[in-house]
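Residue-level listing of the chains:
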Amino acid sequence: MKIAVLPGDGIGTEIVAQAAKVLETLRSDGLKIELEYAHLGGAGYDAEGDPFPPTTEKLVLAADAVLLGAVGGYQYDTLPRPMRPEQGLLRIRKRLGLFANLRPALVYPELVNASSLKPELVSGLDIMILRELTGDIYFGQPRGIRTLENGERQGFDTMHYSESEIRRVAHVGFQIAMKRNKKMCSVDKANVLDTSMFWREIVTEVAKEYPEVETSHMYVDNAAMQLVRAPKQFDVILTGNIFGDILSDEASMLTGSIGMLPSASLDANNKGLYEPCHGSAPDIAGKDIANPLATILSVAMMMQYTFGLADEAQRIEAAVRKVLQQGLRTGDIYEAGMQKVGCAAMGDAVVKSL
Ligand code: NAD
């Protein structure tokens, strides 16, 4: 199991160090894990003059999976666009062909009060948002700002999805639904957009190959509303790049704690890049107060989705639950009566409960 480890910037180094401890524990328990480190983002620019340096590219291409912290920092804000940290992220996703982005939104019973919604609405919530990551209006050409014949300027982008792009992500979605509660909701805007009408047609076709899965379709505006009205009606949500971008951020906030949310981005062979949903949090970097649990839970997703080791994934998740049950909390999820711990101490506690 060759794992490329890219701590990145800001709190990235601190949180990835805790996830690495978890991987090293699995290795000492017998898994054949190899970790190799490289730079991405601002760290890549600082060390090698490129946010996605060739050495990193070589390493991630040879690896089975990639563990990433986060990228970004104020000191890079004035760099020309190709040198900015987030370009490193976009390029690595593209280079590895990571078209399926999985973001679970799961509410731990111990953290139910962290949500901005009423506890009864989110208690027991466990949904998976699957966002297509390499197509849609974010990548469509042509795009730009042009001057019309009447002299007025106009910004424009192009939305499109090809049949193969929709099919492959739909298959990933149905396969995930088969392993969960066999419920799939495809989200689109088929009442207005031709791209979405086509999306719905293809998803409906693919659904016939998974007769056990209860499939439904929902317009994105309604989905945005339902997510805050009655989120527990969902199991797997399948959607395109732009709608998924927005809905997955909305769903993540149902849990109330950005420091708890892992993610996976997969290619056609389940090779994946695993990272927390949050950014590099420069405001708290270097203070040993960041929550490492999203990154540790990203390792659990790696075990499940790239290596097919569901037992190891459950073991890591159980270890995280146990430290929460013990009352350990980093600052972002702290409530009165709990024991406040730092990033490294939280990592140590998870390792101990593993
Ligand atoms: P952010 O997610 O870094 O931080 C938002 C807020 O949440 C901050 O107050 C931060 O302290 C807090 N926070 C985030 N993660 C936390 C953790 N693990 N534990 C405790 N608190 C945590 O978002 P931002 O402030 O908008 O962006 C900061 C930088 O991160 C920017 O340069 C941005 O471009 C970058 N970014 C990177 C990624 C990524 O690498 N995937 C994602 C989003 C933002």
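Numbering of residues starts from 1 in each chain and follows the order in which that chain's sequence is written. Since the coordinates come from a predicted model, pLDDT governs what is reported: local features require at least 70, and pairs of side-chain atoms require 80 or more to be given and counted, while whole-chain, interface and lining totals use all residues. Note that the side-chain values use all heavy atoms of the structure and ignore hydrogens as well as water.

1. Re the nonpolar core
The condition that has to hold: To form a nonpolar core, buried Ala, Val, Leu, Ile, Met, Phe, Trp, Tyr and Cys residues must be joined to one another through side-chain atoms within 4.5 Å. Relative accessibility decides the category of a residue: with a 1.4 Å probe and only protein chains considered, values under 20% of the type maximum give buried, values over 50% give exposed, and everything between is partly exposed. Each domain's extent was defined by an automatic or database domain assignment. It only takes one pair of heavy atoms within 4.5 Å for two residues to be counted as in contact.
Core analysis: the biggest nonpolar cluster contains 65 residues, and L102 and M303 have the highest contact counts within it. Summarising the domain contributions, this core has at least three residues from each of domain 1 (1-99 + 267-354) and domain 2 (100-134 + 161-264). Those residues in contact with M303, other than ones at most four positions away along the chain, are M1, L23, L26, L31, I33, G308, L309, E312, A313 and I316. Membership of the second largest hydrophobic core comes to 20 residues, among which are I129, C185, I237 and L247.

2. Quick notes on the domain arrangement of the protein
Where interface size is given, it is often the accessible area lost as the parts come together that is meant. What counts, and what does not: Any carboxyl oxygen of Asp or Glu within 4 Å of a side-chain nitrogen of Lys or Arg constitutes a salt bridge here. Two N or O atoms form a polar contact when they lie within 3.5 Å of each other; inside protein one atom must be a possible hydrogen donor and the other a possible acceptor, and for residues adjacent in sequence the pair counts only when both atoms belong to side chains. Strands are runs of DSSP state E lasting at least 2 residues, helices are runs of H or I lasting at least 4, and numbering of each runs from the N terminus.
Taken domain by domain, the protein comprises domain 1 (1-99 + 267-354) and domain 2 (100-134 + 161-264). Domain 1 and domain 2 are separated by 23 Å when their C-alpha centres are compared. Residue-level contacts link 24 residues of domain 1 with 27 residues of domain 2. Summed over the shared surface of domain 1 and domain 2, the number is zero salt bridges. The interface formed by domain 1 and domain 2 includes six residue pairs in polar contact (both at pLDDT 80 or more). Those elements giving two or more residues to the side of domain 1 that touches domain 2 turn out to be β12 (272-276), α10 (293-305) and α11 (310-325).

3. Some thoughts on the packing of aromatic side chains
Put simply, the rule is: Only Phe, Tyr and Trp rings take part, Trp by its six-membered ring, and two of them pair if their centres are within 6.5 Å. Stacked means planes under 30 degrees apart, edge-to-face means over 60, and tilted covers everything else. Lysine NZ or arginine CZ positioned within 6 Å of the ring centre and within 35 degrees of the ring normal marks a charge as sitting over the ring.
Tallied over the entire structure, the rule returns two aromatic pairs. For the pair F174 and Y210, a centre-to-centre distance of 5.0 Å together with 10° between the ring planes defines the contact as stacked. With F174 in helix α6 (residues 163-179) and Y210 in the loop between α7 (194-207) and β9 (214-219), this pair connects stretches of sequence that are 36 residues apart. You can call F174 buried: its relative accessible area is 0%. Seen from the ring of F156, R146 lies directly overhead, with NZ or CZ sitting 3.6 Å from the centre. If you follow K340 out to its NZ or CZ, it ends over the ring of Y334, 5.1 Å from the centre.

4. Examining the environment of A62
On the secondary structure map, A62 appears in helix α3 (residues 54-62). The class of A62 is exposed, set by a relative accessible area of 53%. Taking the C-alpha atoms as reference, A62 lies 9.1 Å from I3; in sequence the two are 59 residues apart. Ignoring sequence-local partners within four residues, the contact set of A62 consists of K2 and K271.

5. Points about unusual backbone geometry
Here Q141 and P142 are connected by a cis peptide whose omega angle stands at 0°. Considering the arrangement of structural elements, one finds P142 in the loop between β5 (126-132) and β6 (144-147). Unusually for a residue other than glycine, N270 sits at a positive phi of about 65°. Along the chain, N270 falls in the loop between β11 (262-266) and β12. The phi dihedral of D288 falls on the positive side, at around 55°, and the residue is not glycine. Judged by relative accessible area, D288 falls into the partly exposed class, the value being 36%.

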